[in-house]
Amino acid sequence: MGRIVSLWLPNWPITRLRLSTPADAWPAEPVAIVETVEQRRQVVAVDDRGWAAGIRPRQKATDARAVLPALVLIPADHAADARALARLVRWAGRYSPAVAPCPPGGLWLDIAGCAHLWGGEDGLVADLAARLERWGLPARIAVAGSFGAAWALAHFDKADRRILPDGAERAALASLPMAALRLGEDEVAALQRIGLTRIGELLAAPRPGLARRFGAGPLLRLDQALGRAEETVGFRRPPTPWFARLAFAEPIGTPEDLQRAIAALAADLCARLEARMMGAAQFAAAFHRVDGRCQSIAIRTALPVRDAARVGRLLADRLDRVDPGFGVEVATLRADRVAPVGGRQAGLSKLEGEGAGIGDLAGFVDIVGNRIGFDRIWRPAAVESHLPERCVAPRPPLAPDQGKPWPPGWVRPLRLLRRPEPIEAIAQVPDDPPSSFRWAGATHRVRRADGPERIAYEWWRRARPQDRAEPDMIRDYYRVEDDTGRRFWVYRAGLYQEGETTRWFLHGIFD
């Protein structure tokens with residue numbers, strides 16, 4: 001099991017509304033947020049003053065007004081609540097790359113492999129709670145080995161901060177009410193009717209009878225809370241142990257300081273990768289500003305790397321995209337697409353002054369790819385097909401060859417047109433090469449010709465809509481040279497049939 005943080009923000013709609021409203025515009029009277037559910041206007045959330053007066057969520061708005069006539073009713077804005085929670089998810093990326101919202105007012109954090117950056121889970125929770133308190137966000141935080149146990153403790157434990165050791169879930173959950181298992185109201189009510197009000201009572205009950213009577217829901221939630229069943233949460237980024245963090249005593253903002261921070265993070269993370277004989281093909285740096293906003297940059301590499309100087313240099317090239325605002329207080333670096341990388345020794349050719357080999361080529365690809373995009377860098381690779389338009393495919397520049405090379409007797413033009421272009425050709429005999437042809441407004445008189453090379457359509461493939469040719473088409477290719485010395489690759493489409501016009505096409509140019 002991992003180590004999961006459940007962060008719960010009680011009364012999130014009221015808190016979000018209060019923080020987004022200027023202090024002088026906040027009502028002096030108690031406030032409740034209401035929405036219409038099945039043609040019934042009811043309370044969604046209420047502030048402390050309304051709660052003290054007896055107003056409760058799900059209460060009818062008319063009943064709430066009868067109890068407290070001065071109550072201010074504000075329509076619910078669930079979209080604004082979700083957007084604010086999403087901003088909080090991005091902010092919490094300083095603690096872990098794996099953060100996800102837990103609606104309507106909470107977050108999940110997977111801190112496996114990250115807690116040591118704060119001196120342990122106690123330091124992480126203390127820092128998280130202190131920052132939220134400074135922002136005016138009341139929060140309850142629990143850490144456990146499963147999502148269910150962390151959620152239950154954050155919502156129903158008496159302590160506002162709880163860190164549960166691995167393996168202690170059963171004892172910690174036993175005294176909590178059944179609703180702590182994230183069951184629906186109907187399921188909780190059904191369990192209570194037979195006297196099961198606490199999780200410990202459910203643990204002691206015979207499982208076969210519970211499954212027959214209540215279905216798999218309660219037992220599944222129980223197993224998830226105990227870590228015996230898997231639970232999937234959609235994190236913004238997958239959990240990863242390859243994460244480095246750097247906090248600053250004073251906020252930084254100059255390009256030189258940011259570059260030094262990147263260099264320090266890259267040195268830390270790459271040293272850990274090297275110790276495990278690993279490398280990463282993607283690195284993402286995040287700069288958390290004092291105003292709570294986050295600026296991010298990312299780079300890719302053609303091959304997995306762990307060279308700190310190289311990673312720092314590539315990230316530094318993108319620092320012009322970072323706006324530090326009033327200062328950056330925390331910087332993080334995350335490695336993705338991690339794979340084993342064996343140790344390499346420089347070859348003798350490098351010592352003798354010859355080419356440095358694939359390492360230098362990878363460095364060139366990394367620099368160019370991060371500037372113009374890796375999708376714009378490719379190399380042609382041979383494909384097993386006799387059709388010219390199918391015998392070449394783009395591959396990543398450093399990807400290993402997967403197909404077989406072309407037959408050694410093939411002669412193909414360096415420049416192949418995207419689509420064969422029709423030409424007007426004259427041939428003295430139908431099966432002879434053209435004696436002249438007209439293309440692009442110019443007439444070319446053929447001085448020499450070689451061929452034909454017959455290529456038939458691949459009958460075992462279904463014709464694609466983008467293919468101009470018919471499935472049974474045969475092509476007779478000729479290499480021709482005009483009177484100016486230019487050489488072309490032309491073909492006659494189909495077999496000659498008396499009474500039908502012969503079709504000729506230009507498919508390539510020999511430069």
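Now for a description of the structure that goes with this document. Sequence order as written defines the numbering, with residues in each chain counted from 1. In keeping with the predicted nature of the model, local features appear solely for residues at pLDDT of at least 70, side-chain atom pairs appear and are counted solely at 80 or more, and the whole-chain, interface and lining totals rest on all residues. Heavy atoms from the whole structure form the basis of all side-chain values; hydrogens and water molecules are not counted.

1. Regarding the environment of E121
Put simply, the test is: Secondary structure elements follow DSSP: runs of H or I no shorter than four residues count as helices, runs of E no shorter than two count as strands, and numbering proceeds from the N terminus.
Here E121 shows up in helix 5 (residues 121–134). Here the alpha-carbon distance between E121 and V5, two residues 116 residues apart in the chain, equals 9.6 Å.

2. Brief notes about the sheet that holds strand 4 (residues 72–75)
Counted only if it meets this: The rule for pairing is simple: two strands pair if DSSP sees at least two bridges between them. Convention adopted: a line fitted to C-alpha atoms gives each axis, helices being fitted over their contacting stretch, and angles between N-to-C directions are expressed from 0 to 180 degrees.
What the 3 strands build is an open sheet, ordered 3-2-4; its pairing is mixed. One side of each edge strand has no neighbouring strand; the edge strands of this open sheet are strand 3 (40–46) and strand 4. Along the sheet, successive strands turn relative to each other by an average axial angle of 45 degrees, direction set aside. Where strand 2 (residues 31–37) meets strand 3, 6 bridges bridge the pair, whose relative direction is antiparallel. Its bridge partner lying in strand 3, V34 is registered against V43.

3. What about the packing of aromatic side chains?
Note the threshold: Note on ring pairs: Phe, Tyr and Trp rings are taken, using the six-membered ring of Trp, and paired if centres are within 6.5 Å. Classes follow the plane angle, with under 30 degrees stacked, over 60 edge-to-face and the rest tilted. Under the scheme applied here, a residue whose accessible area is under 20% of the maximum for its type counts as buried, over 50% as exposed, and between as partly exposed, the area being computed with a 1.4 Å probe on protein chains only.
Taken as a whole, this structure holds 12 aromatic pairs when the rule is applied. Geometrically, the ring pair formed by W91 and W135 is tilted, given 5.1 Å between the ring centres and 40 degrees between the ring planes. Highlighted residues: W91 in helix 4 (residues 78–91) and W135 in the loop between helix 5 and strand 7 (140–144), separated in sequence by 44 residues. Residue class for W91 comes out buried when judged on its relative accessible area of 2%. Given a relative accessible area of 35%, W135 falls into the partly exposed group. Ring centres of W151 and F156 lie 6.1 Å apart, and the angle between their planes is 50 degrees; on these two criteria the pair is classed as tilted. Classification of W151 by relative accessible area gives buried; the value is 14%.

4. Some words on a positive patch on the surface
Where we set the bar: Like-charged residues within 9 Å of one another, or nonpolar side chains (Val, Leu, Ile, Met, Phe, Trp, Tyr) within 5 Å, are grouped into patches, provided each residue has over 30% relative accessible area and no salt bridge. For the accessible areas, the method is Shrake-Rupley and the probe is 1.4 Å, while residue cover comes only from the protein chains on display. Salt bridges are identified by distance alone: a Lys or Arg side-chain nitrogen within 4 Å of an Asp or Glu carboxyl oxygen. The sign given to each residue is positive for Lys and Arg and negative for Asp and Glu; His and the chain ends receive no count. Charge placement uses NZ in Lys and CZ in Arg. For Asp and Glu, CG and CD serve respectively.
Residues R83, R87, R90, R236 and R293 make up a contiguous surface patch of positive charge. Among the secondary structure elements, R90 is positioned in helix 4. Overall, R90 belongs to the partly exposed group, its relative accessible area being 40%.

5. Focus on the pairing of strand 15 (residues 415–426)
Here 5 bridges tie strand 15 to strand 20 (residues 503–510), and the two strands are oriented antiparallel to one another. Bridged to P422 within strand 20 is F505. The pairing of strand 15 with strand 16 (residues 436–439) spans 3 bridges and is antiparallel. Directly across from I426, in strand 16, lies its bridge partner S436.

6. With respect to the nonpolar core
Taken as a class, soluble globular proteins show a tendency for nonpolar side chains to be buried jointly. We apply this condition: Joining through side-chain atoms within 4.5 Å is the link that ties buried Ala, Val, Leu, Ile, Met, Phe, Trp, Tyr and Cys residues into a set, and such a set is a nonpolar core. Whether two residues touch is decided by their heavy atoms; if any such pair falls within 4.5 Å, the residues are in contact.
With 38 residues, the main nonpolar core has W108, L173, M178, L181, I199 and L202 as its most contacted residues. Ranked by the residues each element gives to this core, the list is headed by helix 6 (residues 147–156), at 7 residues. Apart from residues no more than four positions distant in its own chain, L181 is found in contact with I199, L202, P218, R221, L222 and A225. Residues W242, A280, A331 and L333 belong to the second largest nonpolar core, which totals 28 residues.

7. Examining helix 5
Spelled out, the test is: Helix span is expected to be 1.5 Å times the residue number reduced by one. To be clear, the arc concerns the directions from the helix axis to the C-beta atoms.
Spanning 14 residues, helix 5 covers 20 Å between terminal C-alpha atoms, matching the ideal 20 Å at 1.5 Å per step. Burial in helix 5 covers these residues: E121, L124, V125, L128, A129, R131 and L132. End-on view of helix 5: buried residues confined to an arc of 165 degrees, all on one side of the axis. The exposed residues of helix 5 that point more than 90 degrees off its buried face are D122, E133 and R134. Buried residues in helix 5 make contact with strand 1 (4–8), helix 4, strand 7, strand 8 (161–163) and strand 12 (328–340). G136 sits one or two positions beyond helix 5 and adopts a positive phi of about 80 degrees.

8. Description of the layout of surface pockets
What counts is decided by this rule: Lining residues are defined by having an atom within 4 Å of a point belonging to a cavity or pocket. Those points lie on a 1 Å grid over the protein atoms alone, cavities being sets where a 1.4 Å probe fits but cannot get out and pockets being open sets with protein on both sides within 12 Å along at least five of seven lines. Grid points are joined across faces, edges and corners, and a volume is the space filled by probe spheres set on the points. Side-chain classes follow a simple rule in which Ala, Val, Leu, Ile, Met, Phe, Trp, Tyr, Cys and Pro form the nonpolar group, Asp, Glu, Lys and Arg form the charged group, and the remainder, Gly included, forms the polar group.
Estimated volume of the largest pocket: approximately 1400 Å³. Those elements that provide at least two residues to the lining of the largest pocket are helix 1 (12–20), strand 2, strand 3, helix 2 (48–52), helix 4, helix 6 and helix 8 (185–193). Among the residues forming the lining of the largest pocket, the class breakdown is 27 nonpolar, 8 polar and 8 charged.

9. Here's the deal with helix 4
Its 14 residues give helix 4 an end-to-end C-alpha distance of 20 Å, which sits within 8% of 20 Å, the value for a rise of 1.5 Å per residue. All of the buried residues in helix 4 are A80, D81, A84, L85, L88, V89 and W91. Those residues of helix 4 that are buried lie in contact with helix 1, strand 5 (99–101), strand 6 (106–110), helix 5 and strand 10 (278–289).

10. A short note on the sheet that holds strand 18 (residues 474–482)
Pairing is antiparallel around the closed barrel formed by 6 strands, whose spatial order is 15-16-17-18-19-20. The sheet shows a mean angle of 45 degrees between the axes of neighbouring strands, direction not considered.

11. Overview of the packing of helix 10 (residues 207–214) against helix 11 (residues 217–226)
Where we set the bar: Any angle from 65 to 115 degrees is called roughly perpendicular, while one under 35 is roughly parallel, one over 145 is roughly antiparallel, and all others are oblique.
One can describe the packing of helix 10 onto helix 11 by two numbers: an axis separation of 8 Å at closest approach and a directional angle of 130 degrees. The orientation of helix 10 relative to helix 11 falls into the category oblique. Listed contacts from helix 11 to R207, L210, A211 and F214 of helix 10 are P218, L219, L222 and D223. Tallied by class, residues from the contact of helix 10 with helix 11 come to 6 nonpolar, no polar and 2 charged.

12. Quick word on the environment of I299
One can find I299 in strand 11 (residues 294–305). Counting along the chain gives 197 residues from I299 to Y496, while the straight-line C-alpha distance between them is 56 Å. Apart from the residues within four sequence positions on either side, I299 is in contact with A281, Q282, F283, V311, L314, L315, R318 and N370.

These figures capture arrangement, not role.
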